[in-house]
Amino acid sequence: MTHETKCPTPPQDDLLAKAMASALDQSTGVLPSRITARLAQMREQALMHQKQWQSALQLAGQSTHRAMGSIFGDTFGSATDWRRWAASAGILLLAGAFMFWQAQSQVEDLANEDSALLSEALPPTALIDKGFQTWISTGTPAAKD
Amino acid sequence: MATPRELDAFLADVERRAYKTAWFAVHNEENALDIVQDAMMKLAENYGDRPADELPALFQRILQNTIRDFYRRSKVRNLWTTLFSALGGGEDEDDQDKIDRLRAPDADQAERPEEAVEQRQMLNILENELAKLPARQREAFLMRYWEGLDTAETAEAMGCSQGSVKTHCSRATQALAAALKAKGIQL
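Residues numbered from 1 in each chain as written. Chains lettered and ligands numbered in written order. Predicted model: local features only at pLDDT ≥ 70, side-chain atom pairs only at ≥ 80, totals over all residues.

Examining the overall build of chain B
Here's step 1: Along its length, chain B carries eight helices and zero strands.
Here's step 2: In chain B, the succession of helices and strands from N to C terminus is α-α-α-α-α-α-α-α.
Here's step 3: Here the analysis covers contacts within chain B between residues at least 6 apart in sequence; of these, 63% occur between residues at least 24 apart. (Helix = DSSP H or I, 4+ residues; strand = E, 2+ residues; numbered from the N terminus. Contact = placed C-beta atoms within 7 Å.)

So, in structure tokens, the structure goes:
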């Protein structure tokens, strides 16, 4: 090689490099069988872990959800999303039922108190009378001032 | 999205070159295989849903990062080994011996069948010279010319500018050409 080959122009660079790469290609053809076998094994393992193709079940789920997604939007993208939606709906339903039951029982309690007060012979004003309270606790009327 | 068949075809096409690329970097069969395995798994697990035409650049980037991770781990391991050796005060082999041992190809690598002696010799010299190149030059050269990525893809995979890729490639080619010429080999 001359001095020109030591400082080649870009096209010469490319040609030289491609010649070397083509020579290197030959070296991959003579790899020992144990290495090629290991490489094939690794490839199979990698394929088993391919994202989005991990299981037929997941795939089937995804196609259904993709169809749902076209109707409801992209949030219905996967089986996990569906489970999340169902769990959230269940929790909301339970919380709603509990709040409704609480409100109902409060209304019932108030109604019972009102009816008890109204059905008594004693007038409701007596309950806030100090003398009446004393009479209830001691059994004697309060002393007159 | 790449189908399993497309991913299989891609990996089958690239795996031998990937192994050699890793071997040029680490000079050890088992380590090179581990690196390729890591790279294949990372590609499948993290980018298996990408279109097939994006796989070559992605795989090269992952492979180079995995090689760099290996260097980092080795560096840390070597640091601890050196520290313990120093503390133990034991007689250790010379640094040059360590380098020679690291650089020496596996015994079985040298026992490949010889189809054409001259061709084999030339390949050995070329491979040795490639292994001696600075890491960035070797990466650029192999991706650009062996993997057939274009300059932009190589730049993206290496995380540098296209100008840097061109410079690395040119320097690598010149260094290899000069080394082959010095050994009396003309391409």
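Some remarks on the overall build of chain A
Here's step 1: Across its full length, chain A carries six helices and zero strands.
Here's step 2: Ordered by position from N to C terminus, the α and β elements of chain A give α-α-α-α-α-α.
Here's step 3: Every one of the 145 residues in chain A was classed for burial, and the buried ones make up 8%. (Buried ≥ 20, exposed ≤ 12 C-beta atoms within 10 Å, placed from the backbone.)

Quick notes on the packing of helix α3 (residues 33-48) of chain A against helix α1 (residues 4-26) of chain B
Here's step 1: Interaxial distance between α3 of chain A and α1 of chain B falls to 10 Å at its minimum, and their mutual angle equals 145°. For the crossing formed where α3 of chain A meets α1 of chain B, the hand is right-handed. Taken together, the residues of α1 of chain B that come into contact with α3 of chain A (itself represented by I35, L39, R43, A46 and L47 of chain A) are P4, L7, D8, L11, A12, E15, R16 and Y19 of chain B. (Axes fitted to C-alpha atoms, helices over the stretch in contact; angles between N-to-C directions. Left-handed = near helix turned anticlockwise from the far one by under 90°.)

Focus: helix α7 (residues 151-158) of chain B
Here's step 1: Among all positions of α7 of chain B, only E153, T154, A155, A157 and M158 of chain B are buried.
Here's step 2: Backbone geometry just downstream of α7 of chain B places G159 of chain B in the positive-phi region, at approximately 70°.

Side note on unusual backbone geometry
Here's step 1: Here the phi dihedral of H27 of chain B falls at roughly 60°; this positive angle occurs in a residue that is not glycine.
Here's step 2: With respect to the helices and strands, H27 of chain B occurs in the loop between α1 and α2 (29-47).

Overview of the interface of chain B and chain A
Accessible area lost when the parts come together is the quantity often used to give the size of an interface.
Here's step 1: Of the residues lining the interface, 45 residues belong to chain B; the matching set on chain A comes to 33 residues.
Here's step 2: Looking at the side of chain B that touches chain A, the elements that each hand over two or more residues are α1, α2, α5 (117-132), α6 (135-146) and α8 (162-182) of chain B.
Here's step 3: With 11 residues, α2 of chain B is the largest single contributor of residues to the side of chain B that touches chain A.

Digging into the nonpolar core
Here's step 1: Y19, A22, V36, A39, M40 and L43 of chain B are the most contacted members of the largest nonpolar core, which totals 50 residues.
Here's step 2: For this core, the leading source of residues is α1 of chain B, giving nine residues.
Here's step 3: When residues of this core are sorted by domain, at least three fall in each of domain 1 (1-92) and domain 2 (112-187) of chain B.
Here's step 4: Beyond its immediate sequence surroundings of up to four residues, M40 of chain B is in contact with M42, R43 and A46 of chain A together with L11 of chain B. (Core = buried A, V, L, I, M, F, W, Y, C linked by C-beta atoms within 7 Å. Domains from an automatic or database assignment.)

With respect to the packing of α3 of chain A against α2 of chain B
Here's step 1: For the pair α3 of chain A and α2 of chain B, interaxial distance at closest approach is 9 Å and the crossing angle is 20°. One finds that α3 of chain A runs roughly parallel with respect to α2 of chain B. Judged by the twist between their axes, the crossing of α3 of chain A over α2 of chain B is right-handed. In contact with I35, R38, L39, M42, R43, Q45, A46 and L47 of chain A of α3 of chain A, α2 of chain B contributes E29, L33, V36, Q37, M40, M41, L43 and A44 of chain B.
Here's step 2: When grouped by side-chain class, the residues that make up the contact of α3 of chain A with α2 of chain B number 11 nonpolar, two polar and three charged. (Parallel < 35°, antiparallel > 145°, perpendicular 65-115°, else oblique. Nonpolar A, V, L, I, M, F, W, Y, C, P; charged D, E, K, R; others polar.)

Some remarks on α5 of chain B
Residue and element names in this part refer to chain B.
Here's step 1: The terminal C-alpha atoms of α5 lie 22 Å apart, and with 16 residues this matches the ideal 22 Å at 1.5 Å per residue to within 8%.
Here's step 2: All of the buried residues along α5 are M122, L126, E129 and L130. The arc enclosing the buried residues of α5, seen along the axis, measures out at 105°, which places them on a common side. (Expected span 1.5 Å × (residues − 1). Arc of directions from axis to C-beta.)

With respect to the confidence of the model for chain A
Here's step 1: Across chain A, the average pLDDT comes to 75, with 69% of residues at 70 or higher.
Here's step 2: Of the regions scoring below 50 in pLDDT, residues 1-9 of chain A engages in 11 contacts with residues more than four places distant in sequence or in other chains. (pLDDT = per-residue confidence, 0-100.)

Here's the deal with the confidence of the model for chain B
Residues and elements named next belong to chain B.
Here's step 1: Residues with a pLDDT of 70 or more make up 81% of chain B, whose mean pLDDT is 82.
Here's step 2: Mean pLDDT across the elements of chain B ranges from a minimum in helix α4 (residues 95-103), with 43, to a maximum in α2, with 94.
Here's step 3: Residue range residues 89-111 is modelled with pLDDT below 50. Its contacts to residues more than four positions away, or to other chains, number 10 contacts.
Here's step 4: Taken together, the chains of this predicted complex give a pTM of 0.57 and an interface ipTM of 0.71.

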